[in-house]
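A closer look at the structure
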Amino acid sequence: MNMAEALHFHGLRGALKRDEPMSRHVSWRTGGPADRLYMPADLEDLGHFLRQLPAGEPLLFVGLGSNLLVRDGGWRGTVVLTHAAALRPRMEGELIYAQAGVASPKVARFAALHALQGAEFLAGVPGCVGGALAMNAGCYGGEMWDIVERVSTIDRSGTLVERAPSEFDIGYRHCTPQAAGEAWFAAAWLRLEPGNGESSRAVIKELLARRIAAQPLSLPNAGSVFRNPPHEHAARLIEACGLKGFARGAARVSEKHANFIVNPQGAARAADIEWLIEHVQRMVYQMKGIVLQAEVRIVGEPA
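What this report covers is the structure whose coordinates are included nearby. (Residues numbered from 1 in each chain as written. Predicted model: local features only at pLDDT ≥ 70, side-chain atom pairs only at ≥ 80, totals over all residues. Heavy atoms only, no water.)

Moving on to the overall build of the protein chain. If you tally the helices and strands in the protein chain, you get seven helices and 20 strands. Its C-alpha atoms give the protein chain a radius of gyration of 20 Å, within 12% of the compact-globule value 19 Å for 303 residues. Here the C-alpha coordinates of the protein chain stretch approximately 55 × 50 × 35 Å along the principal axes. Out of the 303 residues belonging to the protein chain, those deemed buried represent 49%. Considering only contacts in the protein chain between residues 6 or more positions apart, those separated by 24 or more positions represent 64%. Put simply, the protein chain shows about 14000 Å² of open surface, and 51% of that area lies on carbon and sulfur atoms. Taking the average place of the 32 positive charges on the side chains of the protein chain and the average place of its 31 negative ones, the gap between the two points comes to 6 Å. (Helix = DSSP H or I, 4+ residues; strand = E, 2+ residues; numbered from the N terminus. Rg over C-alpha atoms; globule rule 2.2 N^0.38 Å. Buried < 20%, exposed > 50% of the residue type's maximum accessible area, 1.4 Å probe, protein only. Contact = heavy atoms within 4.5 Å. Areas by Shrake-Rupley, 256 points an atom, 1.4 Å probe, with all protein chains shown as cover. Lys, Arg positive; Asp, Glu negative; His and termini not counted. Charge placed at Lys NZ, Arg CZ, Asp CG, Glu CD.)

Take a look at the structure:
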């Protein structure tokens, strides 16, 4: 009996896995197993899968897992993995269309290829379009929702609905739908200004050079751990509290950029990283009187 039959799924075209270690699917390279993990063939297949899930099944949508910590006990429910290397943006009239699983840097390069400007910052966003929408990701002066014309969401019934930005509450590293109900980002249409492809490529090259120089990209990490407080930088506060290099188990605050927690050997437990996050928050509040808000999402069960 194959796995799809054992779980009573029928007609799936994607890949279904059981007890799948989430350490393989998050950029921190740690975390316990998901009960089920599904990699849909396309949006139609995703809808077909969602319609067969039990009502109330805990659902977690993951792209590149670059802003996510899954606890050591894993995820009791189903993970949908939206990212696929074969996914590409495309032009639809004057708009760029990109599914949620498209890596953000691909959008930046695609826009430059089509002489469109305004998406260069996405080269510095280490995740997918879906995650960039969900947290209004940004860097180097740009934010995701600045360039969104409309989005498509998918719900548990597999229904795709197009929505305008006005249907969401959008702020700094924040996006929530105004209407009640459970839905996930499926795709986005982006409106950009005409520009110069060569200039855009130069900007992208400069942004990537700045990232490489400033961030510990060679070590497993989840990007910036904390949001920048108003008129302040989280990294500066953490460094001022003497926390650069502070370690717990195999996890440590990066010596290169204090707002990164790294897992150098890939041996850190999720619990070590979560403890470090809370310790940094505690120390910055005690020493500076500022509450750091975590930018990363923490999910799942403790070991």
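We now examine the side chain of lysine 106. By the element assignment, lysine 106 lies in helix α3 (residues 104–113). Nearest to the buried, unbridged lysine 106 among oppositely charged side chains is aspartate 42, at 16 Å. Within the structure, lysine 106 has its side chain in polar contact with the backbone oxygen of alanine 85 (distance 2.6 Å). (Salt bridge = Lys/Arg side-chain N within 4 Å of Asp/Glu carboxyl O. Polar contact = N/O pair within 3.5 Å; in protein donor to acceptor, adjacent residues only side chain to side chain.)

Attention now moves to the sheet that holds strand β19 (residues 261–262). In space, the three strands of this open sheet follow the order β17-β18-β19, with antiparallel pairing throughout. Both edges of this open sheet fall to β17 (247–248) and β19, since each of them pairs with a single strand only. As paired elements, β17 and strand β18 (residues 251–253) share two bridges and run antiparallel to each other. When the sheet's bridge partners are listed, alanine 247 is paired in β18 with arginine 252. The strands touched by helix α7 (residues 270–288) within the sheet are β17, β18 and β19, with β18 carrying the most contacts at an inclination of about 25 degrees. (Pairing = 2+ DSSP bridges. Axes fitted to C-alpha atoms, helices over the stretch in contact; angles between N-to-C directions.)

A full pass over the atoms with the stated rule returns eight aromatic pairs. Between the aromatic rings of phenylalanine 61 and tryptophan 184, the centroid separation amounts to 4.8 Å while the plane-to-plane angle is 10 degrees, which identifies the pairing as stacked. A residue pair is termed long-range when its members are at least 10 positions apart, and phenylalanine 61 in strand β3 (residues 59–62) and tryptophan 184 in strand β15 (residues 183–190) qualify at 123 residues. Under the relative-accessibility criterion, phenylalanine 61 is labelled buried at 16%. For tryptophan 184, a relative accessible area of 13% corresponds to the buried category. Between arginine 248 and the ring centre of tryptophan 275, over which it is positioned, the NZ or CZ distance is 4.2 Å. Lying over the aromatic face of tryptophan 275, arginine 282 brings its terminal NZ or CZ to 5.9 Å of the ring centre. (Phe/Tyr/Trp six-rings, centres within 6.5 Å; stacked < 30°, edge-to-face > 60°. Lys NZ or Arg CZ within 6 Å of the ring centre and 35° of its normal.)

So, on to the nonpolar core. Core analysis: the largest hydrophobic core is formed by 33 residues, its most contacted members being Leu122, Val129, Leu133, Met144, Trp145, Val151 and Leu190. Secondary structure elements with two or more residues in this core: β7 (95–99), α3, α4 (129–134), β11 (148–155) and β15. Examining the composition of this core, we find that five residues originate from one element, α3, more than from any other. (Core = buried A, V, L, I, M, F, W, Y, C linked by side-chain atoms within 4.5 Å.)

The next point concerns the sheet that holds β7. Pairing in this open sheet of five strands is antiparallel, and the strands run β6-β7-β15-β11-β12 from one edge to the other. With one partner strand each, in any of the chains shown, β6 (90–92) and β12 (160–163) form the two edges of the open sheet. Neighbour to neighbour, the strand axes of the sheet diverge by 35 degrees on average, direction disregarded. Looking at chain direction, β7 and β15 are connected through four bridges and run antiparallel. Its bridge partner being in β15, isoleucine 96 is matched across the sheet by leucine 190. Most of the contacts of helix α2 (residues 43–52) go to β11, to which it runs at about 35 degrees, and overall it touches β7, β11, β12 and β15.

A few words on the environment of valine 284. Mapped onto the elements of the fold, valine 284 is located in helix α7. With a relative accessible area of 0%, valine 284 lands in the buried category. The contact partners of valine 284, leaving out residues within four places of it in the chain, are Leu237, Ile238, Cys241, Gly289, Ile290 and Leu292.

A separate point is the pattern of salt bridges. Applying the stated criterion across every chain, the model contains 17 salt bridges. Taking the shortest distance from any N to any O, the salt bridge between arginine 13 and aspartate 42 comes out at 2.9 Å. You can see arginine 13 sitting in the loop between α1 (3–6) and β1 (15–21) and its partner aspartate 42 sitting in the loop between β2 (33–39) and α2, a full 29 residues away along the chain. Note on arginine 13: relative accessible area 46%, which makes it partly exposed.

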